[in-house]
Amino acid sequence: MEFDKVIHEPVRLRIMMILAGVEQADFNFLLTTLSLTRGNLSRHVEKLESAGYLKVKKSFNGKMPNTSYQLMQKGSKALAQYWENLDAVRQLGLS
Amino acid sequence: MNREQNNKLQDMEKLKEIPKWARRYTENRTLPFLFFMATFMFLSLVIAVPSYLGGKAYQSGNMVLFWICSFIVVLACAATIIFSVPKWSAKFTERLTMLLYGKEGDVKLALPEKTKKQRLIGSIVGLLFGACVLISVTLGVLGFIPIEYMQPVSALYVIPFFVCVGIWQRPAVNPAGFLAWLWPGLYAIHAILVVAGVPIQFGRPWIFLNMLIPIAGYGILCGLIGHFYSRYALKKLKGITHLEGGGTSCL
């Protein structure tokens, strides 16, 4: 059984899980919630975006640029599959 | 599987709670709601005080004061209607949310696109609510509804209105969450207690507080509970998402 390497990384898994609970979250919310550096968070969301798991929305709040992220259907499926695989491994470990 | 691996798997299990706490945090960012309550509180005062004075003026035959009070009440009712229609207040709420919670970042729940029919229903509900306020206040001013029963009478349209608003805002407002129904619930209990004759009413000249406290008082109470719950949810969320070792460890 293989884990999705894109999601398996702890920061990316947490980003995906936050976005699974809401419609969209912006860069600042992820930054403050996960207590990451800007560069670190940028790298992780770029990987998720290039995997097609996230949709990036750029807009303006007044004059301030704002970047929001939304979980794509492909991302939701991949996340569900990831947890399915993890539960299967866990079951194997318990038995 | 050794103990260390088992512990890591259990930690992973906690991560399944992230969507729940992210959602609860988002649902309970209620400061803009508190602002709206303060606005409604002000509007209620602007409706209640001239209604009381207008009633007095009508009874004593002072028609100039009566018409001035009526004009103010109509203006306040119109403002209530504007604030009650979700379409008109949605953008303002969004801006206010960004202003109040900007430091924590922006996070939104899914608001499904309303069809034309649904938008029309929303507008009709808002207008009906405004009309009910206007009619009941007018009947109160003219003495058809005893002032002590204004709150129980208003409960007949306030509670259905808030139930409609709760349903309208799904899934942004979780109808299964107790906070969505706390306010209409308290308002209904208050009305029942008044009808049952429990002495919870103010006498003259503070009679207008009999309406204001159930509407704004319970609303502000629920908003504050929601806001503090959002702090708790954010703390839980941060606790679960906290990464030891700067997020470099992996299962």
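As a starting point, this report considers the structure included with it. (Residues numbered from 1 in each chain as written. Chains lettered and ligands numbered in written order. Predicted model: local features only at pLDDT ≥ 70, side-chain atom pairs only at ≥ 80, totals over all residues. Heavy atoms only, no water.)

Some thoughts on the packing of aromatic side chains
Residue and element names in this part refer to chain B.
- A full pass over the atoms with the stated rule returns 11 aromatic pairs over all chains.
- Geometrically, the ring pair formed by Phe161 and Phe162 is edge-to-face, given 5.4 Å between the ring centres and 70° between the ring planes. A single burial state applies to Phe161 and to Phe162, both of which are buried.
- Taking the centre distance of 4.2 Å and the plane angle of 45° together, the rings of Phe162 and Trp183 count as tilted. Here Phe162 is found in helix α7 (residues 150-168), whereas its partner Trp183 is found in helix α8 (residues 178-195), with 21 residues between them in sequence. For the pair shown, Phe162 and Trp183 are each scored as buried.
- The ring of Trp21 carries the charged tip of Arg24 above its face, separated from the ring centre by 5.1 Å. (Phe/Tyr/Trp six-rings, centres within 6.5 Å; stacked < 30°, edge-to-face > 60°. Buried < 20%, exposed > 50% of the residue type's maximum accessible area, 1.4 Å probe, protein only. Helix = DSSP H or I, 4+ residues; strand = E, 2+ residues; numbered from the N terminus. Lys NZ or Arg CZ within 6 Å of the ring centre and 35° of its normal.)

Quick look at helix α2 (residues 10-21) of chain A
All names here are of chain A.
- Helix length check: α2, at 12 residues, gives a terminal C-alpha distance of 17 Å against a target of 16 Å (1.5 Å per residue), a fit within 8%.
- Among the residues of α2, those classed as buried are Pro10, Val11, Arg12, Leu13, Arg14, Ile15, Met16, Met17, Ile18, Leu19 and Gly21.
- The residue sitting at the N-terminus of α2 and contributing the capping side-chain oxygen is Glu9; that oxygen lies 2.7 Å from the backbone nitrogen of Val11. (Expected span 1.5 Å × (residues − 1). Polar contact = N/O pair within 3.5 Å; in protein donor to acceptor, adjacent residues only side chain to side chain.)

Thoughts on the pattern of salt bridges
- Under the definition given, this model contains six salt bridges over all chains.
- As a salt-bridge pair, Glu27 of chain B and Arg23 of chain B come within 3.2 Å of each other at their nearest N and O atoms. Of the two residues, Glu27 of chain B and Arg23 of chain B are both situated in helix α2 (residues 18-27); the distance of four residues between them amounts to about one turn of the helix.
- In this structure, a network of salt bridges that share partners links the residues Asp87 of chain A together with Glu13 and Lys16 of chain B. (Salt bridge = Lys/Arg side-chain N within 4 Å of Asp/Glu carboxyl O.)

From the geometry alone we can't say anything about function, so treat these as descriptive.
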